Every structure is written in structure tokens, then in C-alpha cells.
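# Close look at the chain arrangement
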Amino acid sequence: MDPAETKLYQPISNLSVLSKLLERLVSKQLRTYLKDNSLLPDRQPAYRAHQSTETAVLKVLADILLALDTGNLAVVTVLDLWAAFDSVDHETLLRRLQTSYGLGGVVINWFTSYVTGRTQYVRSSANSSTPSAVLHGVPQGPVLGLILFLLYTADLLQLIRRHHLHPHAYADDTQIYGFCDPSDTKALCEHLSVCMDDVSARMMANRLQLNLAKTEVLWCSSAHRQFQIPIGPVCVGNTSVVPASAV
């Protein structure tokens, strides 16, 4: 990477040992509460025990293979977000923890203290900028901040389901996929475009921004149906994404 390209740099959370220990304890309690009450998003395996990128890939691949076995084609859209963890709106996050996950009282006061009151600065060699308040984002060093991000974006998975498409996410990476008969590819593309427009609008409402430059589309088929794969672009907002041969 080019060291002169400032957009490639990401912030680092400099936390004390005591802070990390406390966050591990809170994270363990939070995950237990979410698991016991079935509040964790089922298509978001990131930062959870016994799940990984491998389980995510296996689930998506199994769904696609089942569709191909029935003679259908499958289309997969891979989404990426700009600086996703740094864009979380604190007020929206805290409101969501209360209304969607039932946290209140001392607990919500603790999380308010956790996400607010932080400062950041830029350091280059021996020079440092003046510290400024962190108004958005969650700390990326400890796992607690990452779990909060999953809860912040969980409604996107529900939105995709309402369009009768299949979502699967891992941290800030999201896949949307659907299946159709080879004769219905045009309708599926239109359906996918409408879903993508709604997803983009929901992200913007949550101060998140879709990175269209990294959005990819992939068609899948059995070997003897490859000639039926569409070659035309799929509309994502105002951008036309040309299908790729691999993602």
C-alpha cells in the first residue's frame, strides 16, 4: 500500500489492561443474554463461538448447490461498506439496544459511557495533532465493540428477507443471493436491484455507506447450464455492476 494515501490508514484503540478485562466480562454477559433470548442474528456468525468464515462460506455454498441441483440459477451479490465500524451512530445504537434488545437502566447507562467520551488524534513520528472527540464508531480492538456493530446492523438481514432473498453476513461483509429458473433471470435481476436500493437507503439512514466500487455480482450454474448465465450488468443504485467470474 502507498503510505502517502491517507484513506488507507485506520484508527487503533489504545486501551488499558483493566479496560480490556472489564470489556471481556461485559462481552461474555452480553453474549449469554443474547443467546439465551435468541436475539443474535442467525445469518451473522462473526465473533461467535464455534463459528467462523468457514461456516459462513459453507452455508452460502450449500444453499447455492441445493438450488443448482434443482435446475435453477443462482446470483450472489457481495457488498462492502466504507469504514463501517467507524460510522456507527452512538444515539441510534443506544436506542436500538433499548428497543430491539431490551437493555435498560444501569446496563444502558454503562453502554452510554462505553461509546461516548472517547478522543482520538493523529500521530506521525514525534508529532501529534490536538485530540478531538470521537462522535461516531465503536472501538475495534476489543470484541465488545464488534458485537455492538453486529447488533447495529442486524436489521439489514431482516430487510433483505422481506424481499424474499437470502442474506448472509460476516462482520461488515454482506452477501445477498437468490435463485430462479433460467427463464426468469431478468425478473430476478430487477428484484435484486430493488432490494439493493432499499439496503442502500437503510444504510444511509444509519450513517453507513455502501462501497459501490467493491460491490460484486456472481452468477452460478451447473456445468451444462453455463450458457444460460446472463452477461448483462445488474443495477445497484445509479451504478451498473458487470457480473464477475469469481468473487
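### Regarding unusual backbone geometry
At alanine 83, a residue that is not glycine, the phi angle is positive and equals roughly 40 degrees. According to the relative accessible area criterion, alanine 83 is partly exposed, its value standing at 39%. Of note, the phi angle at serine 125 is positive, near 55 degrees, even though the residue is not glycine. One can find serine 125 in the loop between β3 (123-124) and β4 (127-128).

### Here's the deal with the side chain of threonine 185
Residue placement: threonine 185 occurs in helix α6 (residues 185-205). Judged by its relative accessible area of 13%, threonine 185 falls in the buried class. Other than its neighbours up to four places away in sequence, threonine 185 contacts Leu73, Cys180, Trp219 and Pro230.

### Looking at the pattern of salt bridges
Applying the stated criterion to the full structure yields seven salt bridges. Note that arginine 207 and aspartate 89 form a salt bridge whose closest N and O atoms lie 3.0 Å from each other. Linking arginine 207 in the loop between α6 and β8 (216-220) with aspartate 89 in the loop between β1 (73-79) and α3 (90-99), this pair joins segments that are 118 residues apart in sequence. Residue aspartate 155 is joined to arginine 96 by a salt bridge in which the shortest nitrogen-to-oxygen separation is 3.8 Å. In this pair, aspartate 155 sits in helix α5 (residues 143-162) while arginine 96 sits in helix α3, placing the two residues 59 residues apart along the sequence. For aspartate 155, a relative accessible area of 17% puts it in the buried group. Assessed through its relative accessible area of 16%, arginine 96 is described here as buried. Put simply, Arg43, Lys59 and Asp63 are held in one network by salt bridges that share partners.

### Section: the sheet that holds β8
Ordered by their spatial adjacency, four strands build an open sheet running β6-β7-β1-β8, and the pairing between neighbours is antiparallel. Single-partner strands in this sheet number two, and they are β6 (166-170) and β8. Strand after strand, the sheet turns through a mean of 20 degrees between neighbouring axes, direction not considered. As paired elements, β1 and β8 share five bridges and run antiparallel to each other. Across the sheet, valine 78 pairs through a bridge with glutamate 216, a residue of β8. Contacts from α5 reach β6 and β7 (173-180), with the element oriented near 160 degrees to β6.

Cut-offs used in this document
- Residues numbered from 1 in each chain as written.
- Predicted model: local features only at pLDDT ≥ 70, side-chain atom pairs only at ≥ 80, totals over all residues.
- Heavy atoms only, no water.
- Buried < 20%, exposed > 50% of the residue type's maximum accessible area, 1.4 Å probe, protein only.
- Helix = DSSP H or I, 4+ residues; strand = E, 2+ residues; numbered from the N terminus.
- Contact = heavy atoms within 4.5 Å.
- Salt bridge = Lys/Arg side-chain N within 4 Å of Asp/Glu carboxyl O.
- Pairing = 2+ DSSP bridges.
- Axes fitted to C-alpha atoms, helices over the stretch in contact; angles between N-to-C directions.

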